[in-house]
Every structure is written in structure tokens, then in C-alpha cells.
Amino acid sequence: MALLEIRNLKKGYRQPDGQEVAILEVPHLAVEESRQVGLAGRSGSGKTTLLHLIAGILKADSGQVLLDGTDLQSCSEANRDRIRAEQLGYVFQSFHLLQGYSALENVLLGMMFGGKADVGAATQLLQRLGMGDRLHHRPRQLSVGQQQRVAVARALANRPRLVLADEPTGNLDPAHAMQAMGLLSGVCREQGAALLLVSHDPAILEQMEENLDLSELNQAQHGTTA
Amino acid sequence: MTRFLIVRRSLSQHAVSSVLTILALALGSGLVMALFNVNRQATRAFTGGNVGFDAVLGARGSDLQLVLNTVFHLETSPGNIPWDLYQQIRSDPRVELAIPYAVGDNYRGFRIVGTTPEIFTEFEYRQGQRMKTRSGQVFDPRYREAVIGSLVAERTGLKRGDKFSPYHGFQFQEDQRHAEEYVVVGILEPTGSPSDRVVWIPLEGIFRLGGHVLRGKNQEEEFRAKAGEEIPDEFKEVSAVMLKFRSPQAGIQLSRMINQQGTAATLAWPIGAVMAELFEKMGWMNKILEVVAYLVVLVAMLSVLISLYNTMNERRREFAILRALGARRGTVFSVIVLEAVTIAAMGSLVGVLVQSGILLASANLIQGRTGVVLSALAFHPALLWTPLAMMLLGALAGMVPAMKAYRTHVADNLSPTS
């Protein structure tokens, strides 16, 4: 059984004139346990929406998002929040670090909602990512590359089973992008977490074990409406 | 722990508005606590009854004026009573102690009371406590000697051996200076009572101050005392006689005899009840002050609501990130409520200090005006229930912005910033 399986997932929105517009319609997508999968696609092809649906941040109009057999779409919002805190890690394109908090606190917050805040483990993870001397620095005191590492540490702090990464190297130059990718991929592998990574960058996608193109997967892109 | 970390960070991120809101709450809560505390302490001090005397005998008129004038050394004297009335009450077997007071002069605003040395040897201002000199001794009634209260010494700088001239009237007026000079022979230890702001001189000294006219029993004839000349008893008069009874029944009997059957004098008895009546009459003023204080608290609470509500827009992304990390809507809601409660709690804590400050200032003022000492550290239940009520109100005020945070749309607020 796949760790993540998507079945007939549909998401659209209603225009002011009442017309329904489909933005995402994915008949099937699967990510195996510990697998690293790249997801490409044109701008506006619904990549971020798909990640939000998988994370339970958005609710689909229909279909299923099965995480280890549990359908997130039929769960209550509180359950989705719990599953997201305990089993998912999320690396955002612009990192979304909390500005008033230190690097260590940002990582700890990620752990707290999963109910297992451990200063030692958070410190160790940051040290592993080369941030040992920046634990108490605020995001604005860190370089973009360092912020990216804190974001990776936060996503992996709870030892999630699946890490979702939305253009995680989008703000980095090519050299740093490859370095960051190596870290993300390496730590996911160390922890046995699957990785579903959205990127435009072919060099990054080449690092993945498998690549999917959402422009092809998304039936809504082909003119089908919900 | 998570919630406290978020609240702590939010407060430090919005330090200026947090501090201003906390100060507003501190002022409001401090005012409420101080109001209740000052009111209770003042009421107890003025109506507690334990002023050392049971009753005051004075000229026919208001018993409240009589008590204010003689016990608290405030107000003007309602008039004088003849010497024989003093002698009569003094020899009454129901009376344990009768000390005459003659007033009408001041030294730089501090009241001068002419009396007998019994005020130091017999009168107990509190159970078992007599006025004692901390330096010098009590006056000799034959000489122009004065014993001054501790507050008089502190405020006027008068020392033992210093000479001063009394001023006519209760209010200090430079041009009302008497020619006679008195020498300070003793300074009293602080008593925390109105006596601390009194200059005590011999009774006869008041009779003999230049310009004082004695009428005594026969109101039509005047007598002006000359140096060395004996003052006939029929011309002597006193402002009041301070009384201590042998039993409570004496108060009932003498009150009936003097107030209901007689017409010459007033017996203010019991002193605590007379003062309680005054405080009861002033109750409406306290109510208004209470309402004002509550309004200040309400306005301060509104400032909590507004200051938090104003930060909600800029914090939408923060809430969305927290939600994306797995925080539940309820967690975000409770964080904002907790933040409001924390602000209210901090405001109340600072409010306790503000309360002590107000109490200290009021205590100085009240001591200066009445001699009654209030404690800035005194406990009042308001010191407990005000912070609790503030936190409850804080929680209510926090619910409005918390609801806004609760409704934060996660996906909409996670769009890339760059």
C-alpha cells in the first residue's frame, strides 16, 4: 500500500457569476513509503493547491487523499490538523519562518503541535543542518540559505512520514539550491520520510527518484470542469 | 508551553502597544483597588470608635461639627460652654475622665489646643497607649510652654527650646500673629492619630492670648485677662470637654439628659456613630467614584480589545503558518484569549503598585490634613478580586480578536511573499 494515494481528487471555485471553475482534477497519484517524488508543472497548474489538499489545509470538493490508508478529506478539521502536525512536514517556497522567534523556537513550534517538543532533538537537527551556531538567531538575522535550513529542520523535526516541499529552492541561487536539496533529500532519507517536491528546476527534479508532471495529471487543465 | 511561547513572543513583538495597554490597565485597576482600600481604611480610622474618648460635650449645635472639631481637629468650633458645665460634668460620678479643650488659634495651620496635663497623663488614644514625649517633657500649666505633635515637628521644623507665637483663628494668616511667645518643651512620639498635628498648650494660655475675650456664663459681660491677674471661674469657658465614661449606660443617660432635656450643650455620643453617619451621608460620592473607576477599567479593557484587534491583520500570516504546522483553530483562538488575559494580569500586577502609590499619596494627604495614618501596604480583598475580574474581562475582550484569528484562512495567507 502506498503511503500517499490520491483518488479522483477535485477542487474548484465558484466565480461571482455562480459558475463553477475546476482548478484541479487528479484521477490518481501515489507516493510510496520513503520515496522521493518530484512534481513538475506549468505555473498555475495547481501544484500548490495539490500540496494544500494533501496537507489538509484545503478541503477538496470530492475525491480522496489517503495517507497511510486514512482519508484526510473525510476527517474532521481537528483530525486533519493532528495528522498534519504528527505525520506531515511542509517546506514552503518562502520558508514562512515566524519572524519573532529564534531558529530553535521555529523548529520547536513545529514539534509542539505534534505534542513532542524536544529541545535536545531540535538542537541536534539544527546542528546536523549546520545551524548549531545560529540557534538563537531570528530569521531576519539569517541568510536566505540559513533560513531555508531552518525551514527544513522545522518540517523534519517531528520525524514526519511525508514531507511536502513547495519550490523549496525557489529563492536560492543554483549552487545553494543544489546544496539545500542535498540536505533536504539526505535528511528525509535518514529519517525514512517520503518526499513530494514541487519544482520548476530540472536540475532539482533530476535528484528525485521519480518525477510526475501535474500539467499532465491534472484533468482540469485539459478543459474538464467540475 | 506552546501557547505561552506564542504569547510571550507576540508581546515582545508588539512591545510598545503592549506596554501602553498594560499601563492603561494598571491605572484603571490601581484606581479601583486604591478606591476600595482608601475608603475602607479611612472609614475604619474615622468611625472605628477607638479614639480614646467616648463622647464630646460642647456648645449646642451639630454633634458632627463637635466631633470633627475636637477629635479630628478639623472644622471650626461650634462655640464655647461655660466653665461650670465643665466642672459639673467632671464631678459626675458616671464620668471617668473629662478633659477640657479650648481652641481658636493655630501655628502655621496646625491647630493649637489649650488643655490640661491630663491629656498626657490620663488620656489613652488607644487601649493602653498614652501620648509620650520623644524629647523633653509635658508643659507646666503655669508657663507659656507647648508640646507639639510629631507631624507638627516634622512639617514646621520646630525643635525643643524653639519659641513661636500662635496665630489667631483656625486658618493661618500672617497678620493674625499673637504677641505672646511659647517655648517648645516637648515633642511627642508619633501616634498615627489626629493628635500628631496638634500644638498642645496650657488651657489658661488660650484664655490669656491677647485679643481673646472671655464671656463665660454671663454672656453680656466681657473679660480680658491681664498678666498676673486671676481669671474668675464665671468668665472661663472651654470649646469642648472630652469625656470617657465609666459604663455605656452613662452615655445613654447623659445623652438623654443633655441632648433631650437640656438646651445649653450638645453631647456627641458615641463618637464612632457620629462619624459613621457622616460616611453614610457621603456614600453617594463613593458610589460615583466607584462608577468612574469601573468606567476607567472598561475603557482600559476596550484598549486591550482594540490593540489586539489592530494586530490581527498583520498577524494573519503568523496564524496561517501556525495552522499549517498543525495548530488547531481552537489553539489559535485560545492563544489570543491567553494574550489578552496575560495583558490584563500584567496590568493588574502593575496596578497593585499603582494602588500602593495612590495609597501612599492619599495617606500623606490624609495624614497632613487629619493626622490619621493610612497604610500603603494594607490588604483589601479588592487586591485579589480586581486582578481576577480584570483577567475575566481580559478574556472577554480577547474573544473578539480571537474570533478573527480563529477564522483566518490558511491557504489564502500562505501565498509566497517574494
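**Student:** I keep staring at the overall build of chain A and nothing clicks. Help me out?
**Tutor:** The number of helices and strands found in chain A is eight helices and nine strands. Rg of the C-alpha trace for chain A: 17 Å, near the compact-globule value of 17 Å for 226 residues, within the 12% margin. Dimensions of chain A, computed from C-alpha atoms along their principal axes, come out at roughly 55 × 40 × 35 Å. Here chain A, with 226 residues, has 56% of them falling under the buried criterion. Nonlocal contacts in chain A, meaning residues at least 24 apart in sequence, comprise 72% of its contacts between residues at least 6 apart. Accessible area for chain A stands at about 9,000 Å²; split by element, carbon and sulfur atoms hold 46% of it. Counting 21 positive and 25 negative side-chain charges, chain A places the averaged centre of each group 5 Å from the other.

**Student:** Is there a simple way to explain the interface of chain A and chain B in this structure?
**Tutor:** Interface size, as often reported, equals the accessible area lost upon joining of the parts. Each partner contributes residues to the interface: chain A has 26 residues there, and chain B has 27 residues. A combined buried area of about 2,400 Å² lies between chain A and chain B, and 64% of that area is made up of carbon and sulfur atoms. Summed over the three residues of chain A that lose the most area to chain B, namely H96, Y101 and F113 of chain A, the buried surface amounts to 25% of that side. At the boundary of chain A with chain B, the tally comes to four salt bridges. Across the pair R9 of chain B and E105 of chain A runs a salt bridge whose closest N-O atoms are separated by 2.5 Å. Applying the counting criterion to the chain A and chain B interface returns nine residue pairs in polar contact (both at pLDDT 80 or more). Elements represented by at least two residues in the side of chain A that touches chain B include exactly helix 2 (77-87) and helix 3 (103-112) of chain A. Of all the elements, helix 2 of chain A adds the most residues to the side of chain A that touches chain B, at six residues.

**Student:** Would you mind going over helix 11 (residues 316-324) of chain B with me for this structure?
**Tutor:** Along an α-helix, residues three or four apart share an orientation, since each turn contains 3.6 residues. Residue and element names in this part refer to chain B. Where burial is concerned, most of helix 11 is hidden: seven out of the nine residues are buried. Listing the buried residues of helix 11 in full gives E318, F319, A320, I321, L322, R323 and A324. After helix 11 finishes, the residue G326 shows a positive phi value of roughly 115 degrees.

**Student:** I tried to follow the domain arrangement of chain B on my own but got confused; where do I start?
**Tutor:** All names here are of chain B. Each domain of chain B was delimited in the assignment, giving domain 1 (2-46 + 282-413) and domain 2 (55-269). Just the C-alpha atoms count here: the centres of domain 1 and domain 2 sit 50 Å apart. Between domain 1 and domain 2, the residue contacts involve ten residues of the former and nine residues of the latter. Regarding the contact of domain 1 and domain 2, the summed buried area is about 720 Å², with carbon and sulfur atoms giving 58% of it. The interface formed by domain 1 and domain 2 includes zero salt bridges.

**Student:** Could you clarify how one ought to interpret the packing of helix 10 (residues 283-312) of chain B against helix 13 (residues 382-406) of chain B in this entry?
**Tutor:** Between two packed helices, the angle of one axis relative to the other and the distance separating the axes together describe the packing. Residues and elements named next belong to chain B. Packing of helix 10 against helix 13 brings their axes to within 9 Å, and their N-to-C directions diverge by 30 degrees. Put simply, helix 10 runs roughly parallel to helix 13. Crossing of helix 10 over helix 13 shows right-handed handedness. Between helix 10 and helix 13, the residues in contact are Y294, V297, M301, L305, L308, Y309 and M312 and W385, M390, L393, G394, A397, V400, P401, K404 and A405, respectively. Of the residues belonging to the contact of helix 10 with helix 13, the class tally is 14 nonpolar, one polar and one charged.

**Student:** Quick question: what am I supposed to make of the packing of aromatic side chains here?
**Tutor:** The relation between two aromatic rings is expressed through the spacing of the ring centres and the mutual angle of the planes. Residues and elements named next belong to chain B. Enumeration over the complete set of coordinates arrives at 13 aromatic pairs over all chains. Where F333 meets Y406, the ring centres are 6.1 Å apart and the plane angle is 85 degrees; that geometry is what we call edge-to-face. Pair noted here: F333 is in helix 12 (residues 329-370) and Y406 is in helix 13, with a separation of 73 residues, a long-range link. Of the residues examined, Y406 reaches a relative accessible area of 33% and is grouped as partly exposed. Following the ring pairs from residue to residue traces out a cluster consisting of Y107, F164, Y167, F172 and Y182. Positioned above the aromatic ring of W83 is the side chain of K236, whose terminal nitrogen or guanidinium carbon lies 4.8 Å from the ring centre.

**Student:** Would you mind going over the pattern of salt bridges with me for this structure?
**Tutor:** A side chain with one charge can pair with a side chain of the opposite charge if their charged atoms come near. What the rule picks out here adds up to 27 salt bridges over all chains. In this structure, K281 of chain B and E277 of chain B form a salt bridge, with 3.5 Å as the shortest nitrogen-oxygen distance. A residue pair is termed a helical-turn pair when its members lie 3 or 4 positions apart in one helix, as K281 of chain B and E277 of chain B do in helix 9 (residues 271-281) at four residues. Among the ionic contacts, a cluster of salt bridges with common partners joins E77, D81 and R84 of chain A together with R323 and R329 of chain B.

**Student:** Help me understand the layout of surface pockets in this model?
**Tutor:** Over the atoms rolls a probe the size of a water molecule, and its path tells where empty space is left. Residues and elements named next belong to chain B. In this structure, the largest pocket encloses a volume near 590 Å³. In this structure, the largest pocket is lined by 24 residues; those nearest its centre are V38, A42, M282, M285 and I366. Listing elements by their share of the lining of the largest pocket, those giving two or more residues are helix 2 (15-47), helix 9, helix 10 and helix 12. At seven residues, the largest contribution of residues to the lining of the largest pocket is made by helix 2. Among the residues forming the lining of the largest pocket, the class breakdown is 19 nonpolar, four polar and one charged.

**Student:** Help me understand unusual backbone geometry in this model?
**Tutor:** Negative phi values dominate among residues other than glycine, just as trans dominates among peptide bonds. Here W269 of chain B and P270 of chain B are connected by a cis peptide whose omega angle stands at -15 degrees. Among the secondary structure elements, P270 of chain B is positioned in the loop between strand 15 (265-268) and helix 9. Even without a glycine there, the phi angle at H96 of chain A is positive, about 50 degrees. With respect to the helices and strands, the residue H96 of chain A is situated in the loop between strand 6 (88-91) and helix 3. Phi is positive for E167 of chain A, which is not a glycine, with a value near 50 degrees. Among the structural elements, E167 of chain A can be located in the loop between strand 7 (162-166) and helix 6 (174-191).

**Student:** I would appreciate a short explanation of a nonpolar patch on the surface in the present structure.
**Tutor:** Among the surface-exposed residues, M282, W284, M285, I288 and V292 of chain B lie close enough to one another that they form a single nonpolar patch of about 480 Å² accessible area. Relative to the helices and strands, M285 of chain B is located in helix 10.

**Student:** Where do I start with empty space enclosed by the protein in this structure?
**Tutor:** In the structure shown here, the tally under the stated rule is three cavities of 30 Å³ or more. In this structure, the largest cavity spans a volume of roughly 90 Å³. Lining the largest cavity, in full, are R84, A85, L88, G89, Y90, G110, R154, A155 and N158 of chain A together with A324 and L325 of chain B. For the lining of the largest cavity, the element with the most residues is strand 6 of chain A, which contributes three residues. Residues that form the lining of the largest cavity fall into these classes: six nonpolar, three polar and two charged.

**Student:** I'm lost on the sheet that holds strand 3 (residues 36-40) of chain A in this one. Help?
**Tutor:** Backbone hydrogen bonds hold the strands of a sheet together, and the pairing may be parallel or antiparallel. Residue and element names in this part refer to chain A. If you trace the five strands from one edge of the open sheet to the other, you get 6-7-8-3-9, paired in parallel fashion. A single partner strand is all that each edge strand has here, and the edge strands are strand 6 and strand 9 (210-213). Within the sheet, the average angular offset between the axes of one strand and its neighbour, ignoring direction, is 20 degrees. Together, strand 3, strand 6, strand 7 and strand 8 (194-198) form the strand contacts of helix 1 (residues 47-55), whose direction differs from that of strand 7 by roughly 155 degrees.

Thresholds, definitions, all that
- Residues numbered from 1 in each chain as written.
- Chains lettered and ligands numbered in written order.
- Predicted model: local features only at pLDDT ≥ 70, side-chain atom pairs only at ≥ 80, totals over all residues.
- Heavy atoms only, no water.
- Helix = DSSP H or I, 4+ residues; strand = E, 2+ residues; numbered from the N terminus.
- Rg over C-alpha atoms; globule rule 2.2 N^0.38 Å.
- Buried < 20%, exposed > 50% of the residue type's maximum accessible area, 1.4 Å probe, protein only.
- Contact = heavy atoms within 4.5 Å.
- Areas by Shrake-Rupley, 256 points an atom, 1.4 Å probe, with all protein chains shown as cover.
- Lys, Arg positive; Asp, Glu negative; His and termini not counted.
- Charge placed at Lys NZ, Arg CZ, Asp CG, Glu CD.
- Buried area = accessible area lost by both parts, 1.4 Å probe.
- Salt bridge = Lys/Arg side-chain N within 4 Å of Asp/Glu carboxyl O.
- Polar contact = N/O pair within 3.5 Å; in protein donor to acceptor, adjacent residues only side chain to side chain.
- Domains from an automatic or database assignment.
- Axes fitted to C-alpha atoms, helices over the stretch in contact; angles between N-to-C directions.
- Parallel < 35°, antiparallel > 145°, perpendicular 65-115°, else oblique.
- Left-handed = near helix turned anticlockwise from the far one by under 90°.
- Nonpolar A, V, L, I, M, F, W, Y, C, P; charged D, E, K, R; others polar.
- Phe/Tyr/Trp six-rings, centres within 6.5 Å; stacked < 30°, edge-to-face > 60°.
- Lys NZ or Arg CZ within 6 Å of the ring centre and 35° of its normal.
- 1 Å grid on protein atoms, 1.4 Å probe; cavity = no way out; pocket = protein on both sides within 12 Å on 5 of 7 lines; lining within 4 Å.
- Points joined across faces, edges and corners; volume = space filled by probe spheres on them.
- Patch = residues over 30% accessible without salt bridge, like charges linked within 9 Å, V, L, I, M, F, W, Y side chains within 5 Å.
- Pairing = 2+ DSSP bridges.

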